[in-house]
Amino acid sequence: MRDLRVLRLLLALLYLLALPALAADPIRIGVSGPFTGGSSPMGISMREGIRIAAAELNAKGGILGRPIELIERDDEARNERGAQVVQELINKHRVVAGLGIANTGVALASQRFYQEARIPVITSVATGSIVTRQFLPPQHPDNFVFRISANDTIQAAMIVSEAVERRGLKRVAIFHDATNYGQLGREDLERTLAERNLKPVAVERFNLQQTDMTMPLRRAREAGAEAILTYGIGPELAQIANGMARINWRVPLIGSWTLAMSNFIDNAGPNAEGARMPQTFIPEPTSSRRKAFIEAWHESTGSGRIPVPPAAAQGYDSLLLLAAAIRQAGTTDGDRVREALENLNEKIEGVVMTYRTPFSKDRHETITSVHDIFMGEVRDGRVVFAYDEDRRRASGR
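Cut-off values and rules
Residues numbered from 1 in each chain as written. Predicted model: local features only at pLDDT ≥ 70, side-chain atom pairs only at ≥ 80, totals over all residues. Heavy atoms only, no water. Axes fitted to C-alpha atoms, helices over the stretch in contact; angles between N-to-C directions. Helix = DSSP H or I, 4+ residues; strand = E, 2+ residues; numbered from the N terminus. Parallel < 35°, antiparallel > 145°, perpendicular 65-115°, else oblique. Left-handed = near helix turned anticlockwise from the far one by under 90°. Contact = heavy atoms within 4.5 Å. Nonpolar A, V, L, I, M, F, W, Y, C, P; charged D, E, K, R; others polar. 1 Å grid on protein atoms, 1.4 Å probe; cavity = no way out; pocket = protein on both sides within 12 Å on 5 of 7 lines; lining within 4 Å. Points joined across faces, edges and corners; volume = space filled by probe spheres on them. Salt bridge = Lys/Arg side-chain N within 4 Å of Asp/Glu carboxyl O. Buried < 20%, exposed > 50% of the residue type's maximum accessible area, 1.4 Å probe, protein only. Polar contact = N/O pair within 3.5 Å; in protein donor to acceptor, adjacent residues only side chain to side chain.

Draft legend 1. Spatial organisation of the packing of helix α11 (residues 309-329) against helix α12 (residues 334-341). The geometry of α11 relative to α12 is characterised by a closest axis approach of 8 Å and an angle of 115° between their N-to-C directions. With respect to their mutual orientation, α11 and α12 come out roughly perpendicular. Considering only the axes of α11 and α12, their crossing is right-handed. Every residue of α12 that contacts α11 at Leu321, Leu322, Ala325, Ile326, Gln328 and Ala329 is listed here: Arg336, Val337, Ala340 and Leu341. Here the residues of the contact of α11 with α12 sort into 8 nonpolar, 1 polar and 1 charged.

Draft legend 2. How the structure looks around the layout of surface pockets. Quantified by volume, the largest pocket comes out at close to 390 Å³. Contributing to the lining of the largest pocket are 26 residues, with Ser39, Ala77, Asn103, Leu208 and Ile233 lying nearest its centre. When residues of the lining of the largest pocket are traced back to their parent elements, those giving at least two are α4 (104-117), α6 (180-194) and α8 (234-246).

Draft legend 3. How the structure looks around the pattern of salt bridges. Tallying each qualifying case throughout the model produces 33 salt bridges. With its nearest N and O atoms 2.8 Å apart, the salt bridge here joins Glu76 to Arg78. Residue class for Glu76 comes out partly exposed when judged on its relative accessible area of 34%. Its salt-bridge partner being Glu346, residue Arg327 comes within 3.0 Å of it at the nearest N-O pair. Pair noted here: Arg327 is in helix α11 and Glu346 is in the loop between α12 and β11 (348-349), with a separation of 19 residues, a long-range link.

Draft legend 4. Structural detail: the packing of α4 against α6. At a minimum axis separation of 6 Å, α4 and α6 run at an interaxial angle of 110°. Accordingly, the angle class assigned to the pair α4 and α6 is roughly perpendicular. The segment α4 lies against α6, with Thr104, Gly105 and Leu108 engaging Asn180, Tyr181 and Leu184.

Draft legend 5. Focus on the side chain of Glu342. Within the fold, Glu342 resides in the loop between α12 and β11. Within the structure, Glu342 has its side chain in polar contact with the side chain of His364 (distance 2.9 Å). When neighbours within four sequence positions are excluded, Glu342 is seen to be in contact with Asn143, Phe146, Phe359, Ser360, Lys361 and His364.

Encoded structure:
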(Lines give C-alpha, C1' and ligand atoms only; values in the text may rest on other atoms or scores of the structure.)
Protein backbone atom coordinates (compact mmCIF):
# COMPACT_ATOMS: atom_id res chain seq x y z
CA MET A 1 0.00 0.00 0.00
CA ARG A 2 2.80 2.36 0.93
CA ASP A 3 4.53 1.60 -2.36
CA LEU A 4 1.31 2.50 -4.20
CA ARG A 5 1.10 5.82 -2.35
CA VAL A 6 4.72 6.56 -3.18
CA LEU A 7 4.06 5.74 -6.81
CA ARG A 8 1.06 8.07 -6.86
CA LEU A 9 3.12 10.84 -5.28
CA LEU A 10 5.85 10.36 -7.83
CA LEU A 11 3.34 10.47 -10.69
CA ALA A 12 1.77 13.63 -9.25
CA LEU A 13 5.22 15.23 -8.95
CA LEU A 14 6.11 14.31 -12.51
CA TYR A 15 2.82 15.81 -13.68
CA LEU A 16 3.51 19.07 -11.86
CA LEU A 17 7.04 19.20 -13.23
CA ALA A 18 5.68 18.67 -16.74
CA LEU A 19 3.17 21.54 -16.52
CA PRO A 20 5.67 24.32 -17.34
CA ALA A 21 6.94 22.33 -20.32
CA LEU A 22 3.41 21.78 -21.56
CA ALA A 23 2.57 25.46 -21.09
CA ALA A 24 5.71 26.40 -23.01
CA ASP A 25 4.89 24.36 -26.11
CA PRO A 26 5.85 26.70 -28.96
CA ILE A 27 3.42 28.41 -31.28
CA ARG A 28 4.58 27.30 -34.71
CA ILE A 29 4.24 29.83 -37.50
CA GLY A 30 5.12 29.04 -41.09
CA VAL A 31 7.31 31.50 -43.00
CA SER A 32 7.79 30.91 -46.71
CA GLY A 33 9.40 33.05 -49.36
CA PRO A 34 12.19 33.19 -51.94
CA PHE A 35 15.44 32.90 -50.00
CA THR A 36 17.48 32.05 -53.10
CA GLY A 37 17.43 33.33 -56.69
CA GLY A 38 16.47 36.65 -58.26
CA SER A 39 13.64 37.35 -55.83
CA SER A 40 15.75 36.56 -52.76
CA PRO A 41 16.39 40.17 -51.65
CA MET A 42 12.64 40.45 -51.05
CA GLY A 43 12.40 37.10 -49.26
CA ILE A 44 15.48 37.54 -47.11
CA SER A 45 14.47 41.06 -46.07
CA MET A 46 10.98 39.85 -45.21
CA ARG A 47 12.30 36.86 -43.25
CA GLU A 48 14.67 39.01 -41.23
CA GLY A 49 11.88 41.45 -40.40
CA ILE A 50 9.75 38.55 -39.14
CA ARG A 51 12.69 37.19 -37.13
CA ILE A 52 13.23 40.57 -35.44
CA ALA A 53 9.55 40.71 -34.45
CA ALA A 54 9.68 37.13 -33.14
CA ALA A 55 12.76 37.87 -31.04
CA GLU A 56 11.11 40.93 -29.52
CA LEU A 57 7.90 39.06 -28.75
CA ASN A 58 9.76 36.09 -27.26
CA ALA A 59 11.81 38.42 -25.08
CA LYS A 60 8.49 39.58 -23.61
CA GLY A 61 7.21 36.07 -22.96
CA GLY A 62 5.94 35.07 -26.39
CA ILE A 63 2.21 34.84 -27.08
CA LEU A 64 -0.19 33.44 -24.47
CA GLY A 65 2.87 32.50 -22.42
CA ARG A 66 4.24 30.34 -25.24
CA PRO A 67 7.35 31.01 -27.34
CA ILE A 68 7.08 31.64 -31.06
CA GLU A 69 8.82 29.11 -33.29
CA LEU A 70 9.28 30.12 -36.92
CA ILE A 71 9.31 27.26 -39.43
CA GLU A 72 11.04 28.78 -42.45
CA ARG A 73 11.04 27.34 -45.96
CA ASP A 74 12.46 28.58 -49.27
CA ASP A 75 9.82 28.56 -52.02
CA GLU A 76 12.47 29.55 -54.61
CA ALA A 77 9.92 31.93 -56.21
CA ARG A 78 8.47 28.86 -57.99
CA ASN A 79 4.73 28.23 -57.93
CA GLU A 80 4.94 24.46 -57.59
CA ARG A 81 7.62 24.67 -54.91
CA GLY A 82 5.54 27.23 -53.00
CA ALA A 83 2.52 24.91 -53.00
CA GLN A 84 4.67 22.00 -51.80
CA VAL A 85 6.22 24.08 -49.02
CA VAL A 86 2.88 25.28 -47.64
CA GLN A 87 1.45 21.76 -47.62
CA GLU A 88 4.52 20.61 -45.69
CA LEU A 89 4.16 23.45 -43.19
CA ILE A 90 0.52 22.51 -42.58
CA ASN A 91 0.65 18.73 -42.63
CA LYS A 92 4.09 17.98 -41.23
CA HIS A 93 4.88 20.91 -38.97
CA ARG A 94 1.31 21.71 -37.89
CA VAL A 95 1.73 25.48 -38.11
CA VAL A 96 -1.12 27.55 -36.71
CA ALA A 97 -0.66 30.42 -39.18
CA GLY A 98 1.39 31.46 -42.18
CA LEU A 99 3.40 34.57 -42.99
CA GLY A 100 5.43 35.64 -45.99
CA ILE A 101 5.14 34.82 -49.70
CA ALA A 102 6.79 37.42 -51.92
CA ASN A 103 5.73 36.44 -55.44
CA THR A 104 2.17 36.82 -56.70
CA GLY A 105 2.19 33.56 -58.68
CA VAL A 106 3.46 31.64 -55.66
CA ALA A 107 0.78 33.22 -53.48
CA LEU A 108 -2.00 32.22 -55.87
CA ALA A 109 -0.66 28.66 -56.11
CA SER A 110 0.02 28.06 -52.42
CA GLN A 111 -2.32 30.08 -50.20
CA ARG A 112 -5.24 27.86 -51.21
CA PHE A 113 -3.85 25.20 -48.87
CA TYR A 114 -4.06 27.58 -45.92
CA GLN A 115 -7.61 28.37 -47.00
CA GLU A 116 -8.60 24.69 -47.21
CA ALA A 117 -7.06 24.00 -43.79
CA ARG A 118 -8.82 27.06 -42.30
CA ILE A 119 -5.48 28.47 -41.19
CA PRO A 120 -4.92 32.25 -41.45
CA VAL A 121 -2.11 33.53 -43.65
CA ILE A 122 -0.91 37.12 -43.73
CA THR A 123 0.77 37.86 -47.05
CA SER A 124 3.74 40.03 -46.17
CA VAL A 125 4.98 40.98 -49.65
CA ALA A 126 3.09 39.70 -52.74
CA THR A 127 1.13 42.55 -54.31
CA GLY A 128 -1.05 41.09 -57.08
CA SER A 129 -4.49 42.65 -56.72
CA ILE A 130 -6.22 39.25 -56.79
CA VAL A 131 -4.23 37.78 -53.88
CA THR A 132 -6.83 38.54 -51.18
CA ARG A 133 -9.77 38.00 -53.53
CA GLN A 134 -9.25 34.32 -54.37
CA PHE A 135 -11.69 33.07 -51.74
CA LEU A 136 -14.66 35.40 -51.51
CA PRO A 137 -18.34 34.79 -50.69
CA PRO A 138 -20.64 33.21 -51.58
CA GLN A 139 -18.42 30.34 -52.71
CA HIS A 140 -16.17 30.81 -49.68
CA PRO A 141 -18.05 32.20 -46.65
CA ASP A 142 -14.76 32.76 -44.77
CA ASN A 143 -11.58 34.17 -46.27
CA PHE A 144 -8.37 33.20 -44.46
CA VAL A 145 -6.03 35.30 -46.63
CA PHE A 146 -4.93 38.72 -45.35
CA ARG A 147 -2.35 41.15 -46.68
CA ILE A 148 -0.07 43.87 -45.35
CA SER A 149 1.61 45.09 -48.58
CA ALA A 150 0.27 47.62 -51.10
CA ASN A 151 -1.71 45.86 -53.81
CA ASP A 152 -1.06 46.56 -57.47
CA THR A 153 -4.31 48.45 -58.04
CA ILE A 154 -3.05 51.10 -55.62
CA GLN A 155 0.49 50.99 -57.00
CA ALA A 156 -0.72 51.33 -60.59
CA ALA A 157 -2.69 54.42 -59.60
CA MET A 158 0.47 55.98 -58.11
CA ILE A 159 2.65 55.02 -61.07
CA VAL A 160 0.25 56.48 -63.62
CA SER A 161 -0.35 59.58 -61.49
CA GLU A 162 3.41 60.17 -61.30
CA ALA A 163 3.77 59.94 -65.06
CA VAL A 164 0.57 61.64 -66.21
CA GLU A 165 -0.46 64.13 -63.51
CA ARG A 166 2.83 65.10 -61.93
CA ARG A 167 4.96 65.03 -65.08
CA GLY A 168 2.36 65.70 -67.75
CA LEU A 169 3.40 62.74 -69.91
CA LYS A 170 0.79 61.11 -72.16
CA ARG A 171 2.83 58.68 -74.23
CA VAL A 172 4.05 55.85 -72.02
CA ALA A 173 5.37 52.34 -72.65
CA ILE A 174 4.76 49.37 -70.34
CA PHE A 175 7.52 46.83 -69.77
CA HIS A 176 6.48 43.77 -67.75
CA ASP A 177 7.80 40.31 -67.06
CA ALA A 178 6.05 37.09 -68.09
CA THR A 179 5.12 35.99 -64.55
CA ASN A 180 1.69 36.30 -62.95
CA TYR A 181 3.03 39.38 -61.20
CA GLY A 182 4.06 41.07 -64.42
CA GLN A 183 0.95 40.10 -66.37
CA LEU A 184 -1.48 41.23 -63.67
CA GLY A 185 0.52 44.41 -63.09
CA ARG A 186 0.31 45.23 -66.80
CA GLU A 187 -3.46 44.80 -66.64
CA ASP A 188 -3.65 47.17 -63.68
CA LEU A 189 -1.56 49.77 -65.51
CA GLU A 190 -3.60 49.51 -68.70
CA ARG A 191 -6.85 49.77 -66.74
CA THR A 192 -5.61 52.85 -64.88
CA LEU A 193 -4.46 54.50 -68.08
CA ALA A 194 -7.84 53.75 -69.70
CA GLU A 195 -9.56 55.62 -66.88
CA ARG A 196 -7.71 58.68 -68.23
CA ASN A 197 -8.57 57.82 -71.85
CA LEU A 198 -4.97 56.83 -72.52
CA LYS A 199 -3.36 53.77 -74.04
CA PRO A 200 0.29 52.74 -73.85
CA VAL A 201 2.18 53.44 -77.06
CA ALA A 202 4.04 50.14 -76.58
CA VAL A 203 3.65 47.06 -74.38
CA GLU A 204 6.73 44.86 -74.09
CA ARG A 205 6.87 41.53 -72.26
CA PHE A 206 10.19 40.06 -71.17
CA ASN A 207 11.26 36.78 -69.58
CA LEU A 208 13.00 36.20 -66.29
CA GLN A 209 16.79 36.17 -66.77
CA GLN A 210 16.46 38.06 -70.05
CA THR A 211 19.64 40.07 -70.48
CA ASP A 212 19.14 41.96 -73.74
CA MET A 213 16.39 44.59 -73.76
CA THR A 214 17.75 46.49 -76.76
CA MET A 215 15.07 45.60 -79.30
CA PRO A 216 12.01 46.23 -77.10
CA LEU A 217 13.57 49.52 -75.95
CA ARG A 218 14.15 50.60 -79.53
CA ARG A 219 10.54 49.78 -80.38
CA ALA A 220 9.31 51.84 -77.44
CA ARG A 221 11.50 54.77 -78.44
CA GLU A 222 10.31 54.59 -82.05
CA ALA A 223 6.71 54.59 -80.78
CA GLY A 224 7.41 57.93 -79.09
CA ALA A 225 7.34 56.78 -75.47
CA GLU A 226 8.06 59.57 -73.02
CA ALA A 227 8.41 57.23 -70.03
CA ILE A 228 8.69 53.54 -69.25
CA LEU A 229 6.34 52.03 -66.67
CA THR A 230 7.59 48.73 -65.26
CA TYR A 231 6.34 45.57 -63.60
CA GLY A 232 9.14 43.09 -62.96
CA ILE A 233 11.84 42.29 -60.40
CA GLY A 234 15.33 43.60 -59.80
CA PRO A 235 17.65 41.76 -62.21
CA GLU A 236 15.52 42.35 -65.32
CA LEU A 237 14.67 45.91 -64.30
CA ALA A 238 18.40 46.58 -64.18
CA GLN A 239 18.69 45.27 -67.73
CA ILE A 240 16.07 47.81 -68.80
CA ALA A 241 17.93 50.70 -67.16
CA ASN A 242 21.27 49.55 -68.57
CA GLY A 243 19.74 49.03 -72.01
CA MET A 244 18.36 52.57 -72.01
CA ALA A 245 21.85 53.89 -71.27
CA ARG A 246 23.32 51.66 -73.97
CA ILE A 247 21.11 53.15 -76.69
CA ASN A 248 21.48 56.64 -75.18
CA TRP A 249 17.79 57.04 -74.43
CA ARG A 250 16.93 58.95 -71.28
CA VAL A 251 13.29 58.94 -70.26
CA PRO A 252 11.80 58.50 -66.77
CA LEU A 253 11.69 54.97 -65.36
CA ILE A 254 8.64 54.65 -63.12
CA GLY A 255 7.41 51.32 -61.85
CA SER A 256 6.16 49.12 -59.06
CA TRP A 257 7.81 48.92 -55.67
CA THR A 258 10.40 46.39 -56.90
CA LEU A 259 12.51 49.20 -58.36
CA ALA A 260 13.69 49.49 -54.74
CA MET A 261 15.27 46.01 -54.81
CA SER A 262 18.98 45.95 -54.08
CA ASN A 263 19.70 43.82 -57.15
CA PHE A 264 18.14 46.52 -59.34
CA ILE A 265 20.08 49.34 -57.71
CA ASP A 266 23.38 47.42 -57.60
CA ASN A 267 23.19 45.93 -61.09
CA ALA A 268 22.05 49.17 -62.72
CA GLY A 269 24.51 51.35 -60.83
CA PRO A 270 24.33 54.97 -62.03
CA ASN A 271 21.62 54.00 -64.52
CA ALA A 272 19.24 53.41 -61.60
CA GLU A 273 19.40 57.04 -60.54
CA GLY A 274 16.05 58.82 -60.65
CA ALA A 275 13.90 55.68 -60.91
CA ARG A 276 10.68 56.14 -58.95
CA MET A 277 8.37 53.63 -57.29
CA PRO A 278 5.64 53.38 -54.60
CA GLN A 279 6.96 52.41 -51.17
CA THR A 280 5.30 51.44 -47.90
CA PHE A 281 8.49 52.10 -45.94
CA ILE A 282 11.58 54.18 -46.64
CA PRO A 283 14.40 53.53 -44.15
CA GLU A 284 14.62 56.95 -42.57
CA PRO A 285 13.99 57.50 -38.83
CA THR A 286 10.82 59.51 -39.40
CA SER A 287 9.35 58.14 -36.15
CA SER A 288 10.70 56.56 -32.98
CA ARG A 289 9.20 53.24 -34.10
CA ARG A 290 10.99 53.31 -37.44
CA LYS A 291 14.22 54.41 -35.81
CA ALA A 292 14.02 51.47 -33.40
CA PHE A 293 13.36 49.05 -36.27
CA ILE A 294 16.31 50.34 -38.30
CA GLU A 295 18.56 49.95 -35.24
CA ALA A 296 17.20 46.45 -34.59
CA TRP A 297 17.97 45.52 -38.21
CA HIS A 298 21.54 46.74 -37.87
CA GLU A 299 22.01 44.88 -34.59
CA SER A 300 20.45 41.66 -35.90
CA THR A 301 22.18 41.52 -39.28
CA GLY A 302 25.35 43.50 -38.72
CA SER A 303 24.53 45.39 -41.90
CA GLY A 304 23.67 49.03 -42.35
CA ARG A 305 21.66 48.24 -45.46
CA ILE A 306 18.23 46.66 -45.80
CA PRO A 307 18.13 44.99 -49.25
CA VAL A 308 14.39 45.64 -49.70
CA PRO A 309 13.14 47.93 -46.90
CA PRO A 310 9.37 47.55 -47.54
CA ALA A 311 9.63 43.75 -47.43
CA ALA A 312 11.48 43.90 -44.10
CA ALA A 313 9.00 46.32 -42.53
CA GLN A 314 5.98 44.44 -43.84
CA GLY A 315 7.36 41.14 -42.56
CA TYR A 316 7.88 42.68 -39.13
CA ASP A 317 4.41 44.19 -38.99
CA SER A 318 2.71 41.02 -40.21
CA LEU A 319 3.90 39.08 -37.16
CA LEU A 320 2.85 41.90 -34.82
CA LEU A 321 -0.69 41.78 -36.22
CA LEU A 322 -0.82 37.99 -36.05
CA ALA A 323 0.40 38.03 -32.44
CA ALA A 324 -2.26 40.58 -31.51
CA ALA A 325 -4.95 38.41 -33.09
CA ILE A 326 -3.81 35.30 -31.20
CA ARG A 327 -3.75 37.24 -27.94
CA GLN A 328 -7.24 38.58 -28.59
CA ALA A 329 -8.55 35.14 -29.57
CA GLY A 330 -6.92 33.53 -26.54
CA THR A 331 -6.21 30.50 -28.71
CA THR A 332 -4.43 29.42 -31.89
CA ASP A 333 -7.62 27.96 -33.39
CA GLY A 334 -7.72 29.09 -37.02
CA ASP A 335 -11.31 30.28 -37.10
CA ARG A 336 -10.94 32.21 -33.86
CA VAL A 337 -7.71 33.87 -35.03
CA ARG A 338 -9.32 34.81 -38.36
CA GLU A 339 -12.24 36.37 -36.51
CA ALA A 340 -9.83 38.28 -34.28
CA LEU A 341 -7.90 39.59 -37.29
CA GLU A 342 -11.17 40.86 -38.73
CA ASN A 343 -12.01 42.64 -35.46
CA LEU A 344 -8.71 43.64 -33.87
CA ASN A 345 -9.33 45.96 -30.95
CA GLU A 346 -5.68 46.56 -30.00
CA LYS A 347 -3.77 49.48 -31.51
CA ILE A 348 -0.56 48.14 -33.02
CA GLU A 349 2.44 50.45 -33.42
CA GLY A 350 3.98 49.06 -36.58
CA VAL A 351 6.79 50.21 -38.84
CA VAL A 352 4.69 50.75 -41.96
CA MET A 353 1.93 52.45 -39.98
CA THR A 354 0.00 52.44 -36.74
CA TYR A 355 -2.80 49.90 -37.16
CA ARG A 356 -6.27 50.56 -35.81
CA THR A 357 -8.76 47.86 -36.83
CA PRO A 358 -6.65 47.11 -39.93
CA PHE A 359 -8.99 44.40 -41.27
CA SER A 360 -12.69 43.65 -41.36
CA LYS A 361 -14.84 40.78 -42.57
CA ASP A 362 -14.99 42.35 -46.03
CA ARG A 363 -11.59 44.08 -46.08
CA HIS A 364 -8.45 41.97 -45.78
CA GLU A 365 -6.03 44.72 -46.85
CA THR A 366 -4.23 47.04 -44.43
CA ILE A 367 -3.39 49.50 -47.22
CA THR A 368 -6.45 50.82 -49.01
CA SER A 369 -5.40 54.20 -50.44
CA VAL A 370 -2.53 55.88 -52.25
CA HIS A 371 -2.35 58.15 -49.20
CA ASP A 372 -1.17 55.18 -47.12
CA ILE A 373 2.15 54.95 -48.99
CA PHE A 374 4.85 57.15 -50.52
CA MET A 375 6.75 57.73 -53.74
CA GLY A 376 10.38 56.69 -53.48
CA GLU A 377 13.30 57.63 -55.70
CA VAL A 378 16.76 56.15 -56.21
CA ARG A 379 19.37 58.74 -55.28
CA ASP A 380 23.05 58.01 -54.78
CA GLY A 381 22.37 54.28 -54.75
CA ARG A 382 19.60 54.23 -52.15
CA VAL A 383 15.86 54.84 -52.00
CA VAL A 384 14.75 58.12 -50.45
CA PHE A 385 11.51 60.09 -50.38
CA ALA A 386 10.85 61.54 -53.83
CA TYR A 387 8.85 64.40 -52.30
CA ASP A 388 9.43 66.35 -49.11
CA GLU A 389 5.68 66.37 -48.50
CA ASP A 390 5.78 62.56 -48.21
CA ARG A 391 8.60 62.78 -45.67
CA ARG A 392 6.61 65.26 -43.62
CA ARG A 393 3.56 63.01 -43.84
CA ALA A 394 5.60 60.01 -42.70
CA SER A 395 6.90 61.99 -39.73
CA GLY A 396 3.33 62.83 -38.72
CA ARG A 397 2.17 59.22 -38.53
